[in-house]
Amino acid sequence: KLDRLMNGVGELVLVRASLAAIAERLAAAGGDPALAADLKLATRALARRLDELQAGILEVRMVPLEQVFDKLARMVRKIAREVGKEIDLHVRGGDVELDKLIVEELADPLMHLLRNAVDHAIEPAEQRARAGKPAAGQLRLSAAQKGNHVEIAVEDDGAGIDEERIREVTVQRGLATAEAVREMTRREVMNLIFTPGFSTARQVTALSGRGVGMDVVKNNIANLSGMIDLRTERGRGTRFELTLPVTLAIVRALVVSVA
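In short, a report on the structure. Predicted model only: the values in this text are computed from it and were never measured. (Residues numbered from 1 in each chain as written. Predicted model: local features only at pLDDT ≥ 70, side-chain atom pairs only at ≥ 80, totals over all residues. Heavy atoms only, no water.)

## Focus on the overall build of the chain
- Helices and strands together make up the secondary structure of the chain, namely nine helices and seven strands.
- The C-alpha atoms of the chain give 25 Å as radius of gyration, which overshoots the globular expectation for 259 residues (18 Å, by more than 25%).
- Each of the three principal axes of the chain carries a C-alpha extent, and together these read 85 × 45 × 30 Å.
- Looking at the chain as a whole, 41% of its 259 residues are labelled buried. (Helix = DSSP H or I, 4+ residues; strand = E, 2+ residues; numbered from the N terminus. Rg over C-alpha atoms; globule rule 2.2 N^0.38 Å. Buried < 20%, exposed > 50% of the residue type's maximum accessible area, 1.4 Å probe, protein only.)

## Quick word on the nonpolar core
- Counting 52 residues, the largest nonpolar core has Leu-65, Leu-72, Leu-106, Leu-110, Ile-152 and Ile-193 as its most contacted members.
- Top contributing element to this core by residue count: helix α4 (residues 100-121), with ten residues.
- Core analysis: the second largest hydrophobic core is formed by five residues, Val-9, Leu-50, Ile-57 and Leu-58 among them. (Core = buried A, V, L, I, M, F, W, Y, C linked by side-chain atoms within 4.5 Å.)

## What about a nonpolar patch on the surface?
- A cluster of nonpolar side chains, Leu-12, Val-15 and Leu-53, forms an exposed patch at the surface whose accessible area comes to about 250 Å².
- With respect to the element layout, Leu-53 can be found in helix α2 (residues 33-61). (Patch = residues over 30% accessible without salt bridge, like charges linked within 9 Å, V, L, I, M, F, W, Y side chains within 5 Å. Areas by Shrake-Rupley, 256 points an atom, 1.4 Å probe, with all protein chains shown as cover. Salt bridge = Lys/Arg side-chain N within 4 Å of Asp/Glu carboxyl O.)

## Side note on the pairing of strand β7 (residues 237-245)
- Where burial is concerned, most of β7 is hidden: eight out of the nine residues are buried.
- Summarising the sheet, strand β5 (residues 149-156) and β7 pair through eight bridges and their orientation is antiparallel. Within β7, the position partnered with Asp-156 by the bridge is Thr-238.
- Relative to β7, strand β6 (residues 227-233) runs antiparallel, the two sharing seven bridges. Residue Glu-233 lies in a different strand from β7, and its bridge partner there is Gly-237. (Pairing = 2+ DSSP bridges.)

## Examining the layout of surface pockets
- Its volume calculated, the second largest pocket comes out at about 390 Å³.
- Considering the residues around the second largest pocket, the lining is formed by 17 residues, among which Asn-148, Thr-247, Ile-250, Val-251 and Arg-252 are closest to the centre.
- The element best represented in the lining of the second largest pocket is α2, accounting for four residues. (1 Å grid on protein atoms, 1.4 Å probe; cavity = no way out; pocket = protein on both sides within 12 Å on 5 of 7 lines; lining within 4 Å. Points joined across faces, edges and corners; volume = space filled by probe spheres on them.)

## Let's talk about the side chain of Thr-170
- Relative to the helices and strands, Thr-170 is located in helix α6 (residues 163-172).
- At 2.6 Å, the side chain of Thr-170 and the backbone oxygen of Ile-166 are in polar contact.
- Aside from chain neighbours lying at most four places away, what touches Thr-170 is Leu-175, Ala-176, Val-181, Leu-192 and Phe-198. (Polar contact = N/O pair within 3.5 Å; in protein donor to acceptor, adjacent residues only side chain to side chain. Contact = heavy atoms within 4.5 Å.)

## Digging into helix α9 (residues 214-223)
- Here α9 has its buried residues at Met-214, Asp-215, Val-217 and Ile-221. With its buried residues spanning 160 degrees around the axis, α9 presents them on a single face.
- Buried residues along α9 sit against α4, β6 and β7. (Arc of directions from axis to C-beta.)

## What to know about the sheet that holds β7
- Taken in spatial order, the five strands of this open sheet run β2-β4-β5-β7-β6, and their pairing is mixed. Two strands in the sheet have a free side with no partner beyond their single neighbour: β2 (87-92) and β6. The mean angle between the axes of side-by-side strands here comes to 10 degrees, regardless of whether they run parallel or antiparallel.
- Running at roughly 175 degrees to β2, helix α3 (residues 66-83) makes contact with β2, β4 (137-146) and β5 of the sheet.
- Running over the sheet, α4 touches β2, β4, β5, β6 and β7 and is turned about 20 degrees from β5. (Axes fitted to C-alpha atoms, helices over the stretch in contact; angles between N-to-C directions.)

## Considerations on a positive patch on the surface
- Taken together, Lys-71, Arg-74, Arg-77 and Arg-81 make up a surface patch of like positive charges.
- Of note, Arg-74 is situated in helix α3. (Lys, Arg positive; Asp, Glu negative; His and termini not counted. Charge placed at Lys NZ, Arg CZ, Asp CG, Glu CD.)

## Notes on the environment of Leu-224
- Note that Leu-224 resides in the loop between α9 and β6.
- Sequence separation of Leu-224 and Gly-31 is 193 residues, and the distance between their C-alpha atoms is 48 Å.
- The residues contacting Leu-224, other than those within four sequence positions of it, are Ile-102, Glu-105, Leu-244, Pro-245 and Leu-248.

## Brief notes about the packing of helix α1 (residues 2-28) against α2
- Running from N to C, α1 and α2 point in directions that differ by 165 degrees, and their axes come no closer than 9 Å. By the criterion of interaxial angle, the relationship of α1 to α2 is roughly antiparallel. Classified by chirality, the crossing of α2 by α1 is left-handed.
- Grouping the amino acids of the contact of α1 with α2 by side-chain chemistry returns 22 nonpolar, two polar and six charged. (Parallel < 35°, antiparallel > 145°, perpendicular 65-115°, else oblique. Left-handed = near helix turned anticlockwise from the far one by under 90°. Nonpolar A, V, L, I, M, F, W, Y, C, P; charged D, E, K, R; others polar.)

Shown next, in the form of structure tokens:
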């Protein structure tokens, strides 16, 4: 229903643009200046009301991220019990609002990132103790609004991603030649984890190792007109950053024509 209303408003915006063009033509053709001025005034009033209507519909579509965050927190506790790890999950920014359609599509990618963090990234308690880390793995899920976009971060204090292991697996799986991998920058190597069929897990478990996942995460985020970025430090942890538009219902664009 909201989509239909939004489409209706979109059509009205086109009608308003036509009326504005007619007002300009009337003024340029030397028509009745009072009539042209009245038409311009009415068009401006229509534009204001349409903006209010558009903003109202967008507001109704918005839902807080805590709807998804609460579900993810329960999932993290469940997986932590299954793999026998102690995890401290810190959630922030659940009150940040996004378009309902985006929130619904976000659950799966975020679930995959959190599952990877618990299963792969955060080390067993004894290994953490040797590295001087607290026994409980630290996992952070946060969201913050930045203008017309929302930034969601999934961060852990685990082992980090092994760059050499990625290079090795890439060559083993025939995803790139040894020479091509040698010439890659660190950032390019890290982005290889988003390649279909890629997995650094040495064994397949119920949770991971099948090479299905990070490519799907990236595609899901791309389908929402978003981007995913990653920062990792060996032995210190990994941070995934998702940047998403607040809504897909309306996209502001600047149209430029040349020659």
